[in-house]
Amino acid sequence: MPPASPSPILRRRRLGTELRRLREAAGLTGDQVIERIGWASASKLSRLENGRSRPDPQDVRDLLDLYRADGALREELLAITQEAGDMRGWLRNYPVMTPQQRSFAELEAGCVEISEYNPVLVPGLLQTPGYARVRIASAREVDEAAGEPEVAEDIETEVRARQARQLLLTRAPDAPRYTAVLEEAAFGGRAGPPDVLREQLMQLCELAMLPNVALHVLPGDTRVADWYLPPTAFSLYRFADPQDPETLAIEGGFLNVMSTEVKALNRYKVVFEWLCTAALSASDTVSWLIQATGRLPDAAAPSTVASGPATAPTQRRGHHGRLTER
């Protein structure tokens, strides 16, 4: 994969924040801006300032003229506008991508650090094809039982899209630092057939060898801080451009919420630190994963959702410590 491309969704948010700041500095209300520029839609400015629409370069130029933005800032914001609208250029980094996976991939692009916690699942960036098939198929069954329309992409296309996102972890030369805390319950018998779980555990061992990856298993009987129980899965994203806001993604079974609100981010940073402190160290986690692989029962026959054997690591190298299923 080529070096990190700026995330279009983050570029839109960054542009919106700067445009709002310039408007407020100019002492203008939204209605005054719309009247002076002559836009027909009253919501056009709101969508731009909230990063909800792909920006038109001429619209941004009109706003910058009105706000009398200086030359250096003007050029910077026009460059960000180009990046915010360049979906084709960004998607060239991915062999295949589905709409369901695109929002996660957009958020991950340009990251320098990703921190994730999941109480019941292996996160999407770590999943084997076999494990991903089980997760996607089970989510589709819920949709079907709830009478939701059939998803256009078949399961294999969705699996390939998830695998495309995983190239992020081995991207040269600027792969992000990735840290995950995984609950012991994520590897229980209800998570999938033994051969699927064995392959997943082996892949986690291999990924833990990467110098930019740190995995921590949290045993089920381990106390977190003062008996704290994390209520849901979440992810924290930090980006290469310090002006791009850190982002929190809170993952629910049927709904995901994203926020850049500083107070919420700080709370989840504290929780993640508690989780890392309570969990096994990175080296002890590898030992735990290997032992857990050995405890799995032998399957009489390969599962139809598995994708082939994985190779267990032979030596440890040092490193620093609808449904929207990921």
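Residues numbered from 1 in each chain as written. Predicted model: local features only at pLDDT ≥ 70, side-chain atom pairs only at ≥ 80, totals over all residues. Heavy atoms only, no water.

Undergrad: Outline unusual backbone geometry, supporting the account with residue identities and numerical values.
TA: Glycine aside, residues mostly have negative phi angles, and peptide bonds mostly take the trans form. Look at Arg-68: it is not a glycine, yet its phi comes out positive at around 55°. Positive phi values are uncommon outside glycine, yet Trp-227 reaches one of about 60°. Checked against the element boundaries, Trp-227 lands in the loop between strand 3 (213-218) and strand 4 (233-239). (Helix = DSSP H or I, 4+ residues; strand = E, 2+ residues; numbered from the N terminus.)

Undergrad: Can you explain helix 4 (residues 57-67)? Please cite residues and give values.
TA: The complete set of buried residues in helix 4 reads Asp-59, Val-60, Leu-63, Leu-64 and Tyr-67. The buried side chains of helix 4 occupy one side of the element, clustering within an arc of 135° when seen end-on. For helix 4, the elements touching its buried residues are helix 1 (8-25), helix 2 (30-37), helix 3 (44-49) and helix 5 (71-85). (Buried < 20%, exposed > 50% of the residue type's maximum accessible area, 1.4 Å probe, protein only. Arc of directions from axis to C-beta. Contact = heavy atoms within 4.5 Å.)

Undergrad: Report on the nonpolar core, specifying residues and quantitative values.
TA: Soluble globular proteins: nonpolar side chains tend toward being buried together. Core analysis: the largest hydrophobic core is formed by 38 residues, its most contacted members being Leu-126, Tyr-178, Phe-187, Leu-204, Leu-215 and Leu-289. Among the secondary structure elements, those contributing two or more residues to this core are helix 1, strand 1 (111-118), helix 8 (129-145), strand 2 (177-183), helix 10 (194-207), strand 3, strand 4 and helix 12 (282-295). The leading source of residues in this core is helix 10, at six residues. Residues in contact with Leu-126, not counting those within four places in the same chain, are Gln-166, Leu-169, Tyr-178, Ala-180, Leu-182, Gln-200, Gln-203, Leu-204, Leu-207 and Leu-215. Listed in part, the 18 residues of the second largest apolar core include Leu-15, Leu-45, Tyr-67 and Leu-73. (Core = buried A, V, L, I, M, F, W, Y, C linked by side-chain atoms within 4.5 Å.)

Undergrad: Got a sec to walk through the packing of helix 10 against helix 12? Specific residues and values, please.
TA: Helix 12 packs onto helix 10 with a crossing angle of 160° between their chain directions and a minimal axis gap of 9 Å. The pairing of helix 10 with helix 12 is recorded here as roughly antiparallel in orientation. Our pair here, helix 10 against helix 12, has a crossing hand that is left-handed. For the pair formed by helix 10 and helix 12, the contact residues are Arg-198, Leu-201, Met-202, Leu-204 and Cys-205 on the first element and Val-286, Leu-289, Ile-290, Ala-292 and Thr-293 on the second. Its residues assigned to classes, the contact of helix 10 with helix 12 shows eight nonpolar, one polar and one charged. (Axes fitted to C-alpha atoms, helices over the stretch in contact; angles between N-to-C directions. Parallel < 35°, antiparallel > 145°, perpendicular 65-115°, else oblique. Left-handed = near helix turned anticlockwise from the far one by under 90°. Nonpolar A, V, L, I, M, F, W, Y, C, P; charged D, E, K, R; others polar.)

Undergrad: Report on the environment of Ser-259, specifying residues and quantitative values.
TA: Its place among the elements puts Ser-259 in strand 6 (residues 256-259). If we ignore the near neighbours within four places in the chain, the residues touching Ser-259 are Glu-246, Thr-247 and Leu-248. From its side chain, Ser-259 meets the backbone nitrogen of Glu-261 in a polar contact 3.0 Å long. (Polar contact = N/O pair within 3.5 Å; in protein donor to acceptor, adjacent residues only side chain to side chain.)

Undergrad: A description of the pairing of strand 3 should follow, citing residues and the corresponding values.
TA: Burial within strand 3 is extensive, with six of its six residues counted as buried. On strand 3, burial covers both faces: Val-213, Leu-215 and Val-217 on one face and Ala-214, His-216 and Leu-218 on the other are all buried. Across six bridges, the pairing between strand 2 and strand 3 is parallel. Paired with Ala-180 across the bridge in strand 3 is Leu-215. Remark: the strand 2/helix 10/strand 3 crossover connection has right-handed handedness. (Pairing = 2+ DSSP bridges. Right-handed = clockwise from strand over helix to strand, strands pointing away.)

Undergrad: So what's going on with the pairing of strand 4? Residues and values would help.
TA: The side chains of a regular strand alternate, first on one face of the sheet and then on the other. Burial within strand 4 is extensive, with six of its seven residues counted as buried. Direction of pairing for strand 1 relative to strand 4: antiparallel, over a ladder of six bridges. Along strand 4, the bridge assignment pairs Ile-114 with Tyr-237. In this sheet, strand 5 (residues 247-251) lies alongside strand 4 in antiparallel orientation, the contact comprising five bridges. Bridge pairing in strand 5 links Tyr-237 to Thr-247.

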